[in-house]
Amino acid sequence: MPSLEKNHCSEEMSEEQLLIELDKILDDYIGKPGALIPVLQIAQRMFGYLPDASLKLISKRLDKPYSEVAGVVSFYSFFSTVPRGKYLVRVCLGTACYVRGGKEVLEALKNELNIDVGETTEDKIFSLDIGRCFGACGLAPVIMINDDVHQRVKPAKVYDILNTYRLKEEKSEVKK
Amino acid sequence: MAKIQINDKKIEVKDGLTILESADIAGINIPTLCHVKGGKPRGACRVCVVEVEGARNLQASCSTPIKDGMVIKTNTRRVRKARQTVVELILSEHDGDCKTCDRNNDCELQELARELSISNIRYEGSKTKRRIDDSTPALIRDSGKCIKCGRCVTVCSEIQSVGSIFQQHRGFATVVGPAFDKNLEDVVCVQCGQCAAICPVGAIIEKTHIDYVWDALDNPKKYVVVQTAPAIRAALGECFGNPPGTLVTGKMTTALRLLGFDSIFDTNFAADLTIMEEGTELLTRLKKAIVDKKNVALPMFTSCSPAWIKFAEHFYPDMLDNISTCKSPQQMFGAVAKTYFAKKINKDPKDIVVVSVMPCTAKKYEAQRPEMNDSGEKDVDYVLTTRELAKMIKQAGIDFNILSDSEMDSPLGLSSGAADIFANTGGVMEAAVRTAYEIVTGKPLPLNNLHIEPIAGLQGVKKASLKIEETLSEWSFLKGVELKVAVAHGLGNARKILDAIKENKENFHFVEIMSCPGGCIGGGGQPRFTTDDVRLKRIQAIYKEDEGKKLRKSHENPDIIKLYEEFLGKPLGEKSHHLLHTEYTQRCKA
């Protein structure tokens, strides 16, 4: 599965340049069955989200109706059509996580970040979303922050978990 | 072959069929809300569940293939209870009030609830969120009534290859509609209305003009003329309980008179006019290509179907020069009614209201295109679908089935059999060839009963060729030319032939395209429910109407000849060019 982390060069590349890149990548997927979801994942990794222009390009190149592309994008909570923060916090609300307190963890995250599900913090560092089973039910409740899995999360631990990422950000700010 | 048993019937059916298809062969009815005969299984509504011996759960019969030795029960207590539960659950979400719904008494969900004797909805759940999209000139979508069966998605993407709508979001929040909850007006939609024709409930309907028409009829200052498309007479009867294929031309004319229209005219008249213009245009293009060696766009495409025009404007903007510049018969009629006819009755065109009755929703869109006002006024004011006309007749308390027959009025009411067949796939081509062949050779088309058989019927893409042996001296350049024609109906089939032409895999002189499967007789505004059986019966009725006429060719229509003598001059002349021809607009794809 493609990494959630933004492509490093994407910071410098403009959206137009990224579209040209995406167009080139799409060459390998023309006419291949089941190409839509992998292509959407690649695009989301490149742009950090799925801008309208990228979806229109994908629709055109894969010869799929725009409505169908949009239908797939809106079906999966993994895909976003609005820019997201650097770190995507996803709280599992699958059955196991739900019964072991996932919902309380989600509430704690909402309070701590002061945003609702689907939103992004003002400093563009965190976005919050829910997920449906990451396949780690034995570690419930689970949250994922980009590709990191955090297990047996308790509402009280939420501040500490977020803080490790906040500290990382502060360090990189200082380096710059 | 597989031997199976359904209820007490033992039958042998082809491998690969589904339980639903096998039951149909056995004459056993299994209800369904999402499946369309001949279409791919969807398994969306779960109404078609049956018991299969050895299977733990009930199986959706539309998507379960049969196996040799299978024993199926379609009518057990368990099956009946499950179907009731499914329909109750659908009803519990369905935000609609049957009494005031456009589909009252014409609704598959309502009918099913009645068949299953549902008297109580035991589930008090949330209702589907209502959002009304009335952004387009032809269609209204109401998400509250949608049962998410997906039929409209199938017809829009697979049959029409347009893809305006798709399932968005998921679970209870699923909405069937354009991308990202946009309005239909803001995405590519050709307004063909096949979605409205196939919707089992009232979630997609035509935008009605009934009230405007009543207002015009009630206004003593207005002279209201009505035109009826060729396809109406073979379908309107179905709205009054007649079997498909019942011809009701005379009764329809009487009903229109009783409704209070001042003149009852015929779009067929304008269809004959279209043939004069379009036939001449084809011959002119051929002459330019063969004699003058000029670069003209060939093949020429027909231009009667407004959804096809919009489809080409969006998806084939580089081929617009290939489309005949002729307006559709509806629009030709409007332009002639508000000029030639207005002068005849000494009326200001402002005081004339032109109402069309069309089998089509896209005609509502076409009538309001900004360029459609060459008479100086809006050429066609209001467009009713076949279904809307039936409603008006019912509103007026007219007992349609006991009406006597009457004739249409003069001078825009007389038509040839060639105009009748505009209603079905292959018809415009045949009508054009009947006239063009005779102009070129001076002899009638040498075919059985004037029919070009290879282009009749429901095959998606049809082709024919005709060698021109002898010609009149004026057309000697066509001597020995093999005229190649093609016919496609349903925009998915149109796409196939367009792509083949674009890639130089096929070449033709003339191509007929109708947007809806079967042609206008299967239009988005026709009585529901249009299956292939119904299409064939309506087509039979249309051919019967054609063959029953003395006049079989457009150029022999004396009122058309008179129109040219008194008013238009000649086909493709200056006046024709101004009133009867149009231009097209390149539009974006998404």
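Residues numbered from 1 in each chain as written. Chains lettered and ligands numbered in written order. Predicted model: local features only at pLDDT ≥ 70, side-chain atom pairs only at ≥ 80, totals over all residues. Heavy atoms only, no water.

A. Seen up close, the overall build of chain A. When helices and strands are counted, chain A shows seven helices and four strands. Helices and strands in chain A line up, N terminus first, as α-α-α-α-β-α-α-β-β-β-α. Across its three principal axes, chain A shows a C-alpha extent of roughly 50 × 40 × 25 Å. The 176 residues of chain A split such that 44% are buried. A separation threshold of at least 6 residues defines the contact pool for chain A, and within that pool the share at least 24 residues apart is 63%. (Helix = DSSP H or I, 4+ residues; strand = E, 2+ residues; numbered from the N terminus. Buried < 20%, exposed > 50% of the residue type's maximum accessible area, 1.4 Å probe, protein only. Contact = heavy atoms within 4.5 Å.)

B. The arrangement of the sheet that holds strand β1 (residues 2-6) of chain B in detail. Residue and element names in this part refer to chain B. With mixed pairing, five strands are arranged side by side in an open sheet as β2-β1-β5-β3-β4. Each edge of the open sheet is held by one strand with a lone partner, namely β2 (9-13) and β4 (59-60). Inspection of the sheet shows strand β3 (residues 49-52) paired to β4 by two bridges, in the antiparallel sense. Following the sheet pairing, V49 is matched in β4 by A60. In the packing of helix α2 (residues 77-93) onto the sheet, the strands contacted are β3 and β5 (71-73), and the crossing angle to β3 comes to about 155°. (Pairing = 2+ DSSP bridges. Axes fitted to C-alpha atoms, helices over the stretch in contact; angles between N-to-C directions.)

C. Layout of the interface of chain A and chain B. At the interface, 15 residues of chain A touch 13 residues of chain B. Summed over both sides, the interface between chain A and chain B buries roughly 1200 Å², with carbon and sulfur atoms accounting for 65% of that surface. Considering only the surface of chain A that becomes buried against chain B, Y66(A), S67(A) and F75(A) emerge as the three largest contributors, covering 40% of it. There are zero salt bridges connecting chain A and chain B. Put simply, chain A and chain B have five residue pairs in polar contact (both at pLDDT 80 or more) between them. Secondary structure elements with two or more residues in the side of chain A that touches chain B: α3 (52-61) and α4 (66-75) of chain A. In terms of residue count, α4(A) provides more of the side of chain A that touches chain B than any other element does, eight residues in total. Classifying every residue of the side of chain A that touches chain B by side-chain character gives six nonpolar, five polar and four charged. (Buried area = accessible area lost by both parts, 1.4 Å probe. Salt bridge = Lys/Arg side-chain N within 4 Å of Asp/Glu carboxyl O. Polar contact = N/O pair within 3.5 Å; in protein donor to acceptor, adjacent residues only side chain to side chain. Nonpolar A, V, L, I, M, F, W, Y, C, P; charged D, E, K, R; others polar.)

D. View of the sheet that holds strand β10 (residues 204-206) of chain B. Residue and element names in this part refer to chain B. Taken together, three strands build an open sheet; the order of strands is β6-β7-β10 and the sheet is antiparallel. Two strands close off the open sheet at either side, each with one partner strand: β6 (132-133) and β10. Pairing analysis gives two bridges linking β6 to strand β7 (residues 139-142), with the strands arranged antiparallel. Bridging from a neighbouring strand, D133 pairs with R141 of β7.

E. Here's a closer look at the nonpolar core. Residue and element names in this part refer to chain B. In this structure, L236, F261 and W308 are the most contacted members of the largest nonpolar core, which totals 123 residues. Sort the elements by how many residues they give to this core and helix α10 (residues 329-344) lands first, with eight residues. Leave out the neighbours within four places in its chain, and F261 touches V213, L217, V224, V225, V226, L256 and V355. L286, F422, A431 and L466 belong to the second-largest nonpolar core, a separate cluster that totals 42 residues. (Core = buried A, V, L, I, M, F, W, Y, C linked by side-chain atoms within 4.5 Å.)

F. Quick look at the packing of aromatic side chains. Residue and element names in this part refer to chain B. The tally for this structure, following the rule as stated, stands at 16 aromatic pairs over all chains. With 5.9 Å between their ring centres and 50° between their planes, Y223 and F341 make a pair best called tilted. Linking Y223 in strand β11 (residues 223-228) with F341 in helix α10, this pair joins segments that are 118 residues apart in sequence. Residue Y223 is classed as buried on the basis of its relative accessible area of 18%. Given a relative accessible area of 3%, F341 falls into the buried group. (Phe/Tyr/Trp six-rings, centres within 6.5 Å; stacked < 30°, edge-to-face > 60°.)

G. Geometry of a positive patch on the surface. Side chains of R100(A), R152(A), K154(A) and K157(A) sit close together on the surface and give a patch of like positive charge. With respect to the secondary-structure elements, K157(A) resides in the loop between β4 (148-150) and α7 (158-175). (Patch = residues over 30% accessible without salt bridge, like charges linked within 9 Å, V, L, I, M, F, W, Y side chains within 5 Å. Areas by Shrake-Rupley, 256 points an atom, 1.4 Å probe, with all protein chains shown as cover. Lys, Arg positive; Asp, Glu negative; His and termini not counted. Charge placed at Lys NZ, Arg CZ, Asp CG, Glu CD.)

H. Representation of unusual backbone geometry. Following A140(A), the chain continues to P141(A) via a peptide bond in cis, the omega torsion being -5°. With respect to the helices and strands, P141(A) occurs in the loop between β2 (126-131) and β3 (143-145). A positive phi angle, near 50°, is found at S161(B), a position not held by glycine. Residue classification places S161(B) among the buried positions, given a relative accessible area of 17%. The residue Q191(B) is not glycine, and still its phi comes out positive at about 70°. Of note, Q191(B) is situated in the loop between β9 (175-177) and α5 (194-198). Residue Q191(B) is classed as buried on the basis of its relative accessible area, which comes to 2%.

I. Molecular detail of the layout of surface pockets. Residues and elements named next belong to chain B. Taken as a whole, the largest pocket encloses approximately 1300 Å³ of empty space. E108, E111, R151, R528 and F529 are the residues nearest the centre of the largest pocket, which is lined by 40 residues in total. Elements with a contribution of two residues or more to the lining of the largest pocket: α1 (19-25), α3 (108-115) and α12 (386-395). A per-element tally of the lining of the largest pocket places α3 first, with six residues. (1 Å grid on protein atoms, 1.4 Å probe; cavity = no way out; pocket = protein on both sides within 12 Å on 5 of 7 lines; lining within 4 Å. Points joined across faces, edges and corners; volume = space filled by probe spheres on them.)

J. How the structure looks around the side chain of R233(B). All names here are of chain B. Residue placement: R233 occurs in the loop between β11 and α7 (249-259). A residue is classified by how much of its surface remains accessible, and R233, at 1% relative accessible area, is buried. One polar contact links the side chain of R233 to the main-chain carbonyl oxygen of P230, over a distance of 3.4 Å. Residues within four places of R233 in sequence aside, it is in contact with T228, T246, L247, V248, T249, M252, D266, N268, M408, D420 and E545.

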